[in-house]
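Single-letter residue listing:
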Amino acid sequence: MWPWGHLGVAYLLYSLFAHRRYDRPPRAAPAIALAIGSQFPDLLDKPLAWNFDVLPGGRTLSHSVVFAVGLTVVVYALASRFGGLEAAIAFLIGHAVHLLTDVPPAVFGGEVSGLAYLLWPFVEQPPEEPVAGLLDAILTYYTLGPYEMIQFGLFAFAAVAWYYDGKPGFVYVRSILARFRVSESHT
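Residues numbered from 1 in each chain as written. Predicted model: local features only at pLDDT ≥ 70, side-chain atom pairs only at ≥ 80, totals over all residues. Heavy atoms only, no water.

A. Focus on the overall build of the protein chain. When helices and strands are counted, the protein chain shows 7 helices and 0 strands. In the protein chain, the succession of helices and strands from N to C terminus is α-α-α-α-α-α-α. Counting only C-alpha atoms and orienting by the principal axes, one finds that the protein chain spans roughly 45 × 45 × 40 Å. By the burial criterion, 37% of the 187 residues in the protein chain qualify as buried. A separation of at least 24 residues holds for 67% of the contacts in the protein chain among residues at least 6 apart in sequence. Looking at the protein chain as shown, the accessible area adds up to about 11,300 Å², and 70% of this sits on carbon and sulfur atoms. (Helix = DSSP H or I, 4+ residues; strand = E, 2+ residues; numbered from the N terminus. Buried < 20%, exposed > 50% of the residue type's maximum accessible area, 1.4 Å probe, protein only. Contact = heavy atoms within 4.5 Å. Areas by Shrake-Rupley, 256 points an atom, 1.4 Å probe, with all protein chains shown as cover.)

Listed below in structure tokens is the structure:
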């Protein structure tokens with residue numbers, strides 16, 4: 001799944017969760033944590049596999065259930081120590097949604113080898129086509145077909161939901177970017 005597909009599905013599910021659990025739309029910090037969590041597995045695995053050749057594939061270490069369990073323990077411990085349990089939950093929901101939305105459509109037709117990444121390092125991964133870095137992957141590895149178009153639709157639907165939820169996180173991110181631009185203009 002493309003990054004915007006992961007983000008779209010994660011936001012839709014987290015928005016439903018926040019409305020049901022807290023009886024309100026998502027807040028800024030959890031929405032930002034969710035966005036980061038929804039991309040986290042690819043932000044870790046893809047560069048380590050494609051750019052640094054440390055991992056055997058772009059869906060291994062942080063795409064595995066073993067890693068997810070450890071990550072949950074660490075994130076929960078940090079949230080308990082420093083606060084921010086709601087943001088921690090959002091991050092973990094984003095991460096879990098990423099793992100689930102990486103399940104290839106062929107799995108639903110009975111081709112279960114596409115689930116091997118969830119059990120890395122205990123299950124050998126199917127071979128991947130060689131990728132010469134992130135830019136190469138974007139330009140050649142991914143295709144735009146019906147599955148990808150559905151992802152665009154989910155992202156658009158999530159963007160509308162985010163807007164109606166009051167654009168949580170937008171003002172905060174915009175203020176950080178504005179401070180960054182001001183500090184760059186003074187150097």
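B. Looking closely at the packing of aromatic side chains. This model, assessed by the stated rule, comprises 8 aromatic pairs. Plain terms: the ring middles of Trp2 and Trp4 are 4.8 Å apart, the flat faces sit at 20 degrees to each other, and that makes the pair stacked. Over the face of the ring belonging to Tyr117 we find Arg59, whose NZ or CZ atom lies 4.6 Å from the ring centre. (Phe/Tyr/Trp six-rings, centres within 6.5 Å; stacked < 30°, edge-to-face > 60°. Lys NZ or Arg CZ within 6 Å of the ring centre and 35° of its normal.)

C. Highlighting the pattern of salt bridges. Counting across every chain of the model gives 3 salt bridges. Note that Arg24 and Glu86 form a salt bridge whose closest N and O atoms lie 2.8 Å from each other. Taken as a pair, Arg24 in the loop between α1 (3-22) and α2 (28-51) and Glu86 in helix α4 (residues 85-101) lie far apart in primary sequence, 62 residues in all. Residue Arg24 is classed as buried on the basis of its relative accessible area, which comes to 17%. The salt bridge partner of Glu86 is Arg27, with a shortest N-O separation of 4.0 Å. (Salt bridge = Lys/Arg side-chain N within 4 Å of Asp/Glu carboxyl O.)

So, to be careful, I would describe these as geometric facts and stop short of saying anything about function.
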